[in-house]
Amino acid sequence: MKIYTKNGDDGKTGLLGGERVSKHHNLLDAIGALDELNAFLSCLDADKYDPYARTIIEVQSRLFDIGANIASRFKDPRFTVTDSLPPLIERLESEMDAMTAELPPLTNFILPSGTHNARYAHVCRAVCRRAERLLVSLTFQFPVPPELLSFMNRFSDWLFTYARISNHRAGVQESLWIKS
């Protein structure tokens, strides 16, 4: 099977269900941000020794599900994620609580910096926030499950905490924001 179809050469792409939309459609902005987040997550060095590697891989799979949900405007039951998100949100919260218990208290804004993992986690957090904003904008067109918005919000918090714990465990000092 060839990877190219030439169907998008006219500036349009197909959604699930066959509808064709312009590649600048806001649905594709949201799907693209999720895809970008997924790609950046692959830059994290979450190997078998990282206790959070399983979470990252599960989130990557859910991001594909969410993209499919958006491409069907949440109408195709084959791609429903609403049941899988609440337990994942709980796991993210539990993991953040465990990481936070190990970290020094946050008393200042910190700059994205530190280890490879911390820097990429901050990039992922910024992309996650953008994806969340784009999903919120879709709520003005059709119902977006609230669990999905909660998940995106919680995952960006998780990424921030993961960046901090990555630096902490490596003994790397966080760079503090210095007010001008």
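Attention in this report is confined to the structure presented alongside it.

So, how was this worked out
Residues numbered from 1 in each chain as written. Predicted model: local features only at pLDDT ≥ 70, side-chain atom pairs only at ≥ 80, totals over all residues. Heavy atoms only, no water. Core = buried A, V, L, I, M, F, W, Y, C linked by side-chain atoms within 4.5 Å. Buried < 20%, exposed > 50% of the residue type's maximum accessible area, 1.4 Å probe, protein only. Helix = DSSP H or I, 4+ residues; strand = E, 2+ residues; numbered from the N terminus. Contact = heavy atoms within 4.5 Å. Phe/Tyr/Trp six-rings, centres within 6.5 Å; stacked < 30°, edge-to-face > 60°. Expected span 1.5 Å × (residues − 1). Salt bridge = Lys/Arg side-chain N within 4 Å of Asp/Glu carboxyl O. Polar contact = N/O pair within 3.5 Å; in protein donor to acceptor, adjacent residues only side chain to side chain. Disulfide = S-S within 2.5 Å.

1. Section: the nonpolar core
Counting 44 residues, the largest nonpolar core has L37, L41, F151, M152, F155 and W158 as its most contacted members. Of all the secondary-structure elements, those providing two or more residues to this core are α1 (26-41), α2 (53-71), α3 (85-102), α4 (116-138) and α5 (146-170). Here this core gets nine residues from one element, more than from any other, and that element is α5. Apart from residues lying up to four places away in sequence, F155 is in contact with L37, L41, V59, L92 and C128.

2. A closer look at the packing of aromatic side chains
Across all of its chains, the model carries seven aromatic pairs by this definition. Seen in terms of ring centroids, Y52 and W158 are 6.0 Å apart; in terms of plane orientation they differ by 80°. Their pairing is edge-to-face. Here W158 lies in helix α5 and Y52 lies in the loop between α1 and α2, a separation of 106 residues in the sequence. Here a set of aromatic residues connected by ring pairs shows up, and it is made of Y52, F151, F155, W158 and Y162.

3. Notes on α5
Relative to the 36 Å expected for 25 residues at 1.5 Å per residue, α5 spans 36 Å between its end C-alpha atoms, a close match to the ideal helical length. Two residues or fewer past α5, G171 is found with a positive phi of approximately 75°.

4. Here we look at the pattern of salt bridges
For the coordinates displayed, the defined rule picks out nine salt bridges. Between E58 and R91 there is a salt bridge, with its nearest N and O atoms 2.7 Å apart. You can see E58 sitting in helix α2 and its partner R91 sitting in helix α3, a full 33 residues away along the chain. For E102, the salt bridge identified is with R169, shortest N-O distance 2.9 Å. A residue pair is termed long-range when its members are at least 10 positions apart, and E102 in helix α3 and R169 in helix α5 qualify at 67 residues. By sharing partners, the salt bridges in this structure join E58, R91 and E95 into a single network.

5. Comments concerning the side chain of E95
Position of E95 relative to the elements: it lies in helix α3. Only 2.7 Å separates the side chain of E95 from the side chain of T55, close enough to count as a polar contact. Look past the residues within four positions of E95 in its chain and what remains in contact with it is Y52, T55 and W158.

6. A short note on the side chain of S156
Tracing the backbone through its elements, the reader meets S156 in helix α5. For S156, a relative accessible area of 1% puts it in the buried group. A polar side-chain atom of S156 sits 3.0 Å from a polar atom in the side chain of R129. For S156, the contacting residues outside a window of four places in its chain are R125, C128, R129 and E132.

7. Some details on the state of the cysteines
According to the stated counting rule, one finds zero disulfides in the structure shown. With no disulfide of its own, C43 lies closest to C124 among cysteine sulfurs, the gap being 7.1 Å.

8. Observations concerning α4
With 23 residues, α4 ought to run about 33 Å at 1.5 Å a step, and its terminal C-alpha atoms sit 33 Å apart, in line with that. Within α4, burial applies to N117, A118, A121, H122, C124, V127, C128, A131, E132, L135 and L138.

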